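What the coordinates show
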Amino acid sequence: MKQDMIAVVDLGSTRNTDVARAVRALGVYSEICNYDVTKEQLLALPGVKGVIANGGPNDVVNGEKIGLSEEIRASGLPVYTFDYEENGRINPMPAEEKDIAARLKSFVFGDCGATANWNMDNFIADQVELIRRQVGDKKVLLALSGGVDSSVVAALLLKAVGKQLTCVHVNHGLLRKGEPEQVVRVFREEMDANLVYVDASERFLNKLAGVSDPEKKRKIIGAEFIRVFEEEARKLDGIEFLAQGTIYPDIVESGTKTAKIVKSHHNVGGLPDDLKFELVEPLKMLFKDEVRACGTALGLPANMVYRQPFPGPGLGVRCLGAITRDRLEALRESDAILREEFAANGLEGKVWQYFTVVPDFKSVGVRDNARCFDWPVIIRAVNTVDAMTAEVPEIPFGVLQKITRRILAEVPKINRVCFDLSPKPTATIEWE
Ligand code: XMP
């Protein structure tokens, strides 16, 4: 079951993931290790064939310059000393990229003698075996949000342990139109999973009534989510494992020891101490596109696997200010129209994220020859690579007109449609 692998040792580079991905693109598995990895730890990595000493600008830690230890250099593993940012360049030119790729290829297959055996079928086969080994005949619990990562984990665990898995889908009432129904259809009906569906919409909306501060709204949604999940977990007997959709960027971004910006990653943490589970995290070594490839290989529908990002607090941060049922309904319906028209006009997959926002102020309009005083809908559409910065792409005017016409005709209590032209920065992608 062992696949060959190349260890990328982080010696202060800001491009560790690019190097790991470049190796994986050659068909060879690769992992990032901290600068202080020991020879023993390196040699214990399954299938390790070589080391890339990945230097860069962050090569001073606690006042000392870091480097690969003599011990590792003398370990017998081939070592390639690499610096993506040589000469201060952050982004190499295309010709240099080609040269870098050629050098990596010659190291990986020539010096290391690695075999290109990293692919999704091998990954799935390995994970199924590892999960079975870890879980044995015990039971596993999974919070299935319907997002890409939790859906792929569910599909993988179903393949590995079938009915030993129980998925809990909490509908907090802030999901998009059709989402809870799709989760139930795909997992309960098509994949025959044990699925507990909890409609907690009323409970969440009651908790959120009158709360207008965005941070408070997020906190209430997060805390209530854990409470509902915990209540469901207590009803189940003999669960020893908790599966999570942690993916590689979650680990790399919160974990590399030389990175200047450390982003903590959040998942279903915060469960009470008496609910102790061992974690099962089968996707923790995959990048997002690999997670999608894994989901596709496991037979999940394309619209689930290629779903655009959706914040945990869901529509709650797009129904601005204190959430009301009428505006939430207007948000859900206008968002569904936007998604339908983007799909019908070939924009799905071309625009990274798009959604509607309903603010908590009204404007004057005219409907059926009479004055009306209703809410506006704001359309947001952005392109980005990493969500840290974002640009607003050009959307064909005819498509925007069609969406506007439909929203004004089909969504009650909306009399105006606006388009948000702001890049990030200064705006964020979401409005709250
Ligand atoms: P911002 O609004 O910060 O959003 O520019 C960047 C990306 O992150 C998503 N987002 C969230 N995702 N929980 C999440 O899981 C959250 O609380 C959250 N807030 C924002 C947002 O949709 C965008 O893709």
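Fair warning: this is a prediction, and the values are worked out from it, not measured in the lab. (Residues numbered from 1 in each chain as written. Predicted model: local features only at pLDDT ≥ 70, side-chain atom pairs only at ≥ 80, totals over all residues. Heavy atoms only, no water.)

**Topic: the overall build of the protein chain**
Stated formally: Every helix listed is a DSSP run of H or I at least four residues long, and every strand listed is a run of E at least two residues long, numbered separately from the N terminus. Each residue is placed in one exposure class: buried if its accessible area under a 1.4 Å probe, protein chains only, is under 20% of its type's maximum, exposed if it is over 50%, and partly exposed if it falls in between. In this analysis, two residues are considered to be in contact whenever any of their non-hydrogen atoms come within 4.5 Å of each other. Throughout, the Shrake-Rupley method with a 1.4 Å probe supplies accessible areas, and for residues the shown protein chains are the sole cover considered. The convention is simple: Lys and Arg are positive, Asp and Glu are negative, and His and the chain ends are not counted. By convention, the point assigned to a charge is CZ for Arg, NZ for Lys, CD for Glu and CG for Asp.
If you tally the helices and strands in the protein chain, you get 14 helices and 15 strands. For the C-alpha atoms alone, the extent of the protein chain along its principal axes is close to 85 × 55 × 40 Å. A total of 432 residues make up the protein chain; the buried ones form 49% of that total. Within the protein chain, residue pairs in contact and separated by at least 24 positions form 77% of the contacts whose partners lie at least 6 positions apart. By element, 52% of the accessible surface of the protein chain is carried by carbon and sulfur atoms, the whole surface being about 20700 Å². Taking the 55 positively charged and 62 negatively charged side chains of the protein chain as two groups, their mean positions are separated by 4 Å.

**Focus: the site of the ligand**
Counted only if it meets this: If even one non-hydrogen atom of a residue comes within 4 Å of a molecule or strand, that residue is called near it. The definition of a polar contact used here is a pair of N or O atoms within 3.5 Å, where within protein one atom must be able to donate a hydrogen and the other to accept one, and adjacent residues in sequence count solely through side-chain atom pairs. Residue type decides the class: Asp, Glu, Lys and Arg count as charged, Ala, Val, Leu, Ile, Met, Phe, Trp, Tyr, Cys and Pro as nonpolar, and the leftover types, Gly among them, as polar.
The environment of the ligand is formed by 13 residues, the closest being Arg 218, Gln 353, Lys 424, Ile 429 and Glu 430. One nitrogen or oxygen atom from the main chain of Ile 429 is found 2.8 Å from an oxygen atom belonging to the ligand. At a separation of 2.5 Å, an oxygen atom of the ligand approaches a polar side-chain atom of Glu 430. Burial of the ligand by the protein chains amounts to 72% of its free accessible area of 500 Å². Classifying every residue of the shell around the ligand by side-chain character gives six nonpolar, four polar and three charged.

**A look at the domain arrangement of the protein chain**
What counts is decided by this rule: How far each domain reaches was decided by an automatic or database domain assignment.
When its domains are assigned, the protein chain resolves into domain 1 (5–111), domain 2 (120–305) and domain 3 (318–419). Computed from C-alpha coordinates alone, the two centres of domain 1 and domain 3 are separated by 46 Å.

**Brief notes about the sheet that holds strand S6 (residues 79–82)**
The criterion, for reference: Pairs of strands are assigned from DSSP output, requiring at least two bridges between the strands. Every axis corresponds to a line fitted to the C-alpha atoms, with the helix fit spanning only the stretch in contact, and the corresponding angles, defined between N-to-C directions, vary from 0 to 180 degrees.
One open sheet holds the four strands; their spatial order is S2-S1-S3-S6, and the pairing between them is parallel. The open sheet has two edge strands, strand S2 (29–33) and S6, and neither has a second partner. Each strand of the sheet is rotated relative to its neighbour by a mean of 25 degrees, with strand direction disregarded. In the sheet, strand S1 (residues 5–11) pairs with S2 via five bridges, with the strands oriented parallel. The residue bridging Ile 6 from the neighbouring strand is Ser 30, located in S2. Strand contacts of helix H1 (residues 16–25): S1, S2, strand S3 (48–55) and S6, with the helix running at about 160 degrees to S2, the strand carrying the most contacts. With respect to the sheet, helix H4 (residues 94–111) is in contact with S1, S3 and S6, its orientation differing from that of S6 by roughly 165 degrees.

**A short note on the sheet that holds strand S9 (residues 194–199)**
Taken in spatial order, the five strands line up as S9-S8-S7-S10-S11 in an open sheet, and their pairing is parallel. With partners counted over all chains shown, the strands left at the sheet margins are S9 and strand S11 (278–280), one partner each. Here the average twist between neighbouring strands, direction ignored, is 30 degrees. Here four bridges tie strand S7 (residues 139–143) to strand S10 (residues 239–243), and the two strands are oriented parallel to one another.

**Concerning the packing of helix H8 (residues 201–208) against helix H9 (residues 214–235)**
This is how it is decided: For any pair of crossing helices, the crossing counts as left-handed if the nearer helix is rotated counterclockwise from the farther one by less than a right angle, and right-handed if it is rotated clockwise.
At their nearest, the axes of H8 and H9 sit 10 Å apart, and the two run at 145 degrees to each other. Seen from above, H8 lies across H9 with right-handed handedness. Packed against H8, whose contacting residues are Arg 203, Phe 204, Lys 207 and Leu 208, the element H9 presents Lys 217, Ile 220, Ile 221, Glu 224, Phe 225, Arg 227, Val 228 and Glu 231 at the interface. Across the contact of H8 with H9, the residue classes tally to six nonpolar, no polar and six charged.

**Quick notes on helix H13 (residues 325–344)**
Keep this limit in mind: Here a helix's expected span is defined as the number of its residues, less one, multiplied by 1.5 Å.
Here H13 contains 20 residues, and its C-alpha end-to-end distance of 29 Å stays within 8% of the 28 Å for a straight helix at 1.5 Å per residue. For H13, the complete set of buried residues consists of Arg 327, Leu 328, Ala 330, Leu 331, Arg 332, Ser 334, Asp 335, Ala 336, Ile 337, Leu 338, Glu 341 and Phe 342. The secondary structure elements touched by the buried residues of H13 are H8, strand S12 (353–357), strand S14 (370–382), helix H14 (397–410) and strand S15 (414–419). Positive backbone phi, approximately 70 degrees, marks Gly 346, located one or two places after H13.

**Structural notes on the nonpolar core**
Under the convention used in this document: We define the nonpolar core as a collection of buried residues of types Ala, Val, Leu, Ile, Met, Phe, Trp, Tyr and Cys that are connected through side-chain atoms lying within 4.5 Å of one another.
Within the largest apolar cluster, 55 residues are counted, with the highest numbers of intra-cluster contacts made by Val 140, Leu 157 and Phe 187. Ranked by the residues each element gives to this core, the list is headed by helix H6 (residues 148–161), at 10 residues. Formed jointly, this core draws a minimum of three residues from each of two domains, domain 1 (5–111) and domain 2 (120–305). In this structure, Val 140 is in contact with Val 135, Leu 157, Val 161, Gln 164, Leu 165, Thr 166, Ile 239, Phe 241, Ala 243 and Val 280, ignoring residues within four places of it in sequence. Counting residues in hydrophobic clusters, the runner-up holds 46 residues, among them Leu 174, Ile 239, Leu 242 and Ala 330.

**Quick word on the environment of Glu 348**
For Glu 348, the position within the fold is in the loop between H13 and S12. Along the sequence, Glu 348 and Tyr 306 sit 42 residues apart, while their C-alpha atoms lie 9.7 Å from each other.

**Structural notes on helix H5 (residues 120–135)**
When the terminal C-alpha atoms of H5 are compared, their 22 Å separation across 16 residues agrees well with the 22 Å that a helix rising 1.5 Å per residue should span. Listed as buried for H5 are Met 120, Phe 123, Ile 124, Asp 126, Gln 127, Val 128, Ile 131 and Val 135. The inward-facing, buried residues of H5 abut S7, H6, S10, S11 and helix H11 (288–297). N-cap assignment for H5: the residue whose side-chain oxygen lies 3.1 Å from the backbone N of Asp 121 is Asn 119. Just downstream of H5, Gly 136 is the residue with a positive phi angle, here 60 degrees.

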